[in-house]
Every structure is written in C-alpha cells, then in structure tokens.
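Coordinate inspection notes
The primary structure of each chain is shown beneath.
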Amino acid sequence: LALSPHTVLKMDGWMDVYICNFFVPQNQNVTHNSSLYKKPFEESFEETPLLVAVLTYMGYGILTIFGYLRDFLRHWSIEKCQVAREKEEQKDFVPLYQDFENFYTRNLYMRIRDNWNRPICSVPGAKMDLVESVSHDFNWTFEHTGRVVKDVINMGSYNYLGFAENNGACADAAIEATEKYGVGVASSRCEMGNLDIHEELERLVARFLGVESSMAFGMGFATNSMNIPALTGKGCLILSDELNHASLVLGARLAGSTIRVFKHNNMQSLEKLLRDAIAHGQPRTHRPWKKILIVVEGIYSMEGSIVRLPEVVALKKRYKAYLYLDEAHSIGALGPNGRGVVDYFGLDPKDVDIMMGTFTKSFGAAGGYIGGKKELIDYLRCHSHSALYAISMSPPVAQQIISSMKSIMGEDGTTLGADRLRQLSENTTYFRRKLREMGFIIYGNDDSPVVPMMLYMPAKIGAFGREMLKRNIGTVVVGFPATPIIESRARFCVSAAHTREMLDTALEATDEVGDLLQLKYSRREQPLPSLGWMAEESLLQD
Amino acid sequence: MNFKSFREYLSWLYYQYLLITGIYVLEPWEKSIFSSILFSAIGMVIYTSYVFVPIHVRLALEFFSGIFGGQSESTMALIN
C-alpha cells in the first residue's frame, strides 16, 4: 500500500512527506526520501543461506549435547572441575551458574578461547608483535613459550587514522607534556583536576566539531554511562536503536527513564514509536513525556552500518525530540574532513543536540567527549557523575589528542591529516570491493571502515582465527553474545596505516583461508567486466 | 583449490566434516565418541536397507499389480 504525497495532502492536509513514509512497506535497501541524501546510500545485509543456517543450528545442537555430557561428568566428579562453582553451603539457593550464558562460556567459549585476549608486546599499529602462548590442557591455562611472533598484520585494532604509533610529532608532544605535568592528575575535574591542557583540548574539540562548547572525560564507556543519567530521568522517554552499544544501554537503564527500542536503522519503526509516544503519553497517566531522547550511533561496529542521519534529523525536528549521537567509530573516520557522520552527510552540527564521541579509535588516545550548546555543557560540568567523581584525563593523553586533532584539521603545517583521511577512504573502498568480489558475505555500508565478514558455523569461528594467525594476520572473530547466535563473524578494521601491499597480503590470506574453510557463501552474481564495444552495440539496438 | 594428492583431498574432506558438524572444537576422545556413534548409526541404516528394501519393494509391486492386473482378469472371465 503506497500512497503518493499528493493523495495524502488532500486527505488530511498534513504538509509532510513522512506521512507517505508511514504507509510504504519496508525495504531496507531502498533509500526513502532520497532528496535528503547528497550521494547514494549503499548498504547491504545479505540473507543467511538456508542450508548454512540449518547446518549452524545442527553444529550448535551437537556442541550443546557434548556440553551437557561434560557438565554431567564434572558434576559427578568423574572429571576435574576447573570452572567457577557454588560452594556447598549455597547449593540450596538460586543457582548462579546455570543460565545459558554460563553454559555457553564453560562449554564453547573455553574451547576456542585462544583467539581472544592475545597479549601484544608492541605498539598496535599496522603491524604488531604477539607473545606466543600455548595451552596443554585445552585452553584452561596458558603458558608463554618465550618466543614473540613478529610483524603480525593487525586487522583488528580500531586504528582508523593510524595515530597509534610510538614515534612522530604526536608522540614527541606527549613526551613533553609528561615532562611538564607528570602522568597522574590525582583529582576529579570539579576539585583540583582541571588543568589548562584540558581547557585547551575542550576549545579545540568544540572548534573541530563545529559546536559551541564541549567537555572531555577520561573514559569513553563512562562518558555514555555517566552522562545519560544526568540528561534524562523519570518521566522521560529514551528511544534507542536495537543494536546500541552496552555503554548506551547501561546509561539508559541507570537513568531510570522508560526505554523503547526501534528496529536497527529503521526509520518507519522510529517514526511509529515517536507518534505513539506523543499520542499516548506516559504509560498509565497519559501525561506528556518530559522529553524524548533518540539515541543512535554513527557507525555500528558489529554491522558496519551507518545511521540514516538525514532522516533521523528530519524526524527529530518534526516531532520535537532530542538527538544523542554516539560517534565512537565514525569521528575521524568518515567525511571529507574527518569530522564524522555529520560531515559525511553534509548536515549542520547544530541539528544534533548532543554529539558524543571517543578519542580511543581515530585519535590514538583514550577518553570521550560530549559537544553541544553552551548551556548543555555548563549543566554537564556541574551535574555529570563523571565530572564530579571520576579522575580527569591524563595530560600526555590530552596532548596526544590535541596534536592528532590539529594534524587532522591541517593546523600543524603539514598535509599529514589530509593524506591519512584520503588513504583511509581508498583502503576502505579497495578492501570492501575485493572481499565482495571474492564471494564472501560482507555486511554494512560501502563507506564504513569496519568490515564484518560472516562465518556462521561455531567451529569456523575458532578455525578462522587460528588459520589467519598461522599466516601472520591478527583478526578479531566475534560470536554469541555480541552477535545473534547463528550470525558469528570476523571483523576487519581497515586503517590508514595499512599500505596497499599489506592489504593485498591480508586479502590473499583471507582468500586462501576462505577456500580452505569454505566461507564463500555469497550467492550474488558478480558484475561481469565490461565487454567494451559489444556493450555499446547492444545499447544502440534498443 | 589444487590438491597435490588424493590423500590431501581426503584430509581436506575430513577437515570439512569436523568444521560442519562442529566437533573441530572438541577434545580427541569426544571426537571419537561422536564419530563412532555417527558411523555405527549410518552402518545400521545401510545394513537395514540392504536386507529389507528389496523385500519391501517386491511386496509393494505385487500389491499394486494385484489391484490392476486382477481387475483385467475378472473382466476377461465375464466376457468369456
């Protein structure tokens, strides 16, 4: 049922093309309101092939049966129990370790645990050194062999612009800051921890984002979880995306507001929730909501998708809600000037009420920031839990952010920042195109530097991580509970520090491992290379 | 993928069997238990089908030919 804008105008006089949107059936891959987007918005989430889904469930079923067998052996002490258990005195109380997540941790995660928490003994730049460790009792305990695996290509670190390095202008400036201020601040922002380097950083961040004022915090996770409670409370409504990060979910729950979840990146679902909220008000009393806060992320790191920001901003203006944008992965990585997802879509930063981001990913430092109007930031300086109780940012870290941000803006006198931005977008396009052509299922937007590649089967999670490490490439594999149970994936993070040769090595190894493990599930036809004169002739005949 | 020998191809097939059923992550004694149960079940299915399928097929054919063949014999008797 698709109504055109003209018929709707006559029906009830609402001068708005979103009423038309409300009735159009959902199609995630088609851009509605394409007049809001200045360039094509290409996202794809190919469906799981049916045979692969059936085999994945079968694999999990077999592993569950063996999990029960092992639990039985452990319970009857036939086998030594190396996992956490309740004490004898607690046996009559509600069991602590029987829910599925603990069952899953004991019986599946433990068996492939060597793919995570690998110790790194160098800078996590484009190449890194790993400490070699072996396990003699099937991953319950690990031992270091004493050797170091050198020059492993790092496809897992969130090092989008390559600022994670131990030499260069940023590192030198950080050393000077350490010599001037020391490393610890020993106080919170409100007490004695407000250094002049923090004020300089905040002015710079505000100028970078194009907002009136900003505030920096020592920890990115704490920025979300400690500031959302300061902004909303009882009687407010938070509309959060299905796949929001744990810090946003924790912040929303701590706030005590009502939380409603809309489908991932789905503007029809969000609009429906907004209309219901305004029409019906609070649950029992039907009073109007004090405020409605829409919480979205710039890039969702598990899917590689980019938020449909022009549509969200249009909806927010129409229904008078507030927008909280978490640009953890997109700041510095998207947009022609590296200013994030607002720059990528060419929107006005004043449309986003609260712009939050972290310095961990693209700036090679630690911490988070919130940017917005001066009144908002002044309020947060007094009322945020993080400002009152958490220790402020360490000076060398603040200096690293200042030097990297000046480099990205081009104010340090070199073209390093612009080169890195260009290199990142070229690497992203090349890497994604090549992986698609090889036949893997890749999720997400064509412009996002986070590349999730689907693995599906539980045994392939462990096999992929180990085989890539054998070929000297460090990758991150993700399974339940960070993803839905059958949709386990390997997540590549492309960096500006990767040269074309490194990407080619990584692609070759992925191709080999993909053939070995039979990971090329994609059923899309690849576009044939153009036939030149033959194609033109067929056009002429029409 | 190019396999240098037939043995390499067989070991790759065994690897696929381990990955698809999920027993790649299990300890060796668990792999042996699963494989022995699976192959004994498959062996029993093959043995049963070898012994019983021809008998069932023959009975089924007799049953169906009895319906159609028997009808034509009785009409012929009436005409005669």
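Cut-off values and rules
- Residues numbered from 1 in each chain as written.
- Chains lettered and ligands numbered in written order.
- Predicted model: local features only at pLDDT ≥ 70, side-chain atom pairs only at ≥ 80, totals over all residues.
- Heavy atoms only, no water.
- Helix = DSSP H or I, 4+ residues; strand = E, 2+ residues; numbered from the N terminus.
- Buried < 20%, exposed > 50% of the residue type's maximum accessible area, 1.4 Å probe, protein only.
- Contact = heavy atoms within 4.5 Å.

1. Topic: unusual backbone geometry
Residues and elements named next belong to chain A. That bond from phenylalanine 480 to proline 481 is cis: its omega, -5 degrees, falls within 30 degrees of zero. Counting through the fold element by element, proline 481 comes out in the loop between β16 (476-478) and β17 (489-493). Backbone geometry at alanine 186 places phi at a positive 65 degrees, although glycine is not the residue there. Relative to the helices and strands, alanine 186 resides in the loop between α5 (169-181) and α6 (196-209). Of note, the phi angle at histidine 286 is positive, near 60 degrees, even though the residue is not glycine. Position of histidine 286 among the secondary structure elements: in the loop between α9 (267-280) and β7 (292-297). Residue histidine 286 is classed as exposed on the basis of its relative accessible area, which comes to 53%.

2. What to know about the side chain of serine 305 of chain A
Tracing the sequence through the fold places serine 305 of chain A in strand β9 (residues 305-306). Not counting residues within four places of it along the chain, the set of residues in contact with serine 305 of chain A comprises Glu43, Phe45, His264, Asn265, Gly298, Ile299, Tyr300, Gly444 and Asn445 of chain A.

3. Points about the environment of isoleucine 442 of chain A
All names here are of chain A. Relative to the helices and strands, isoleucine 442 is located in the loop between α15 (416-438) and β13 (444-445). Relative accessible area serves as the criterion here: at 2%, isoleucine 442 is assigned to the buried category. Along the backbone, isoleucine 442 and arginine 491 are 49 residues apart, and their C-alpha atoms lie at a distance of 9.7 Å. Not counting residues within four places of it along the chain, the set of residues in contact with isoleucine 442 comprises Ser44, Arg432, Leu435, Arg436, Val451, Pro452 and Met453.

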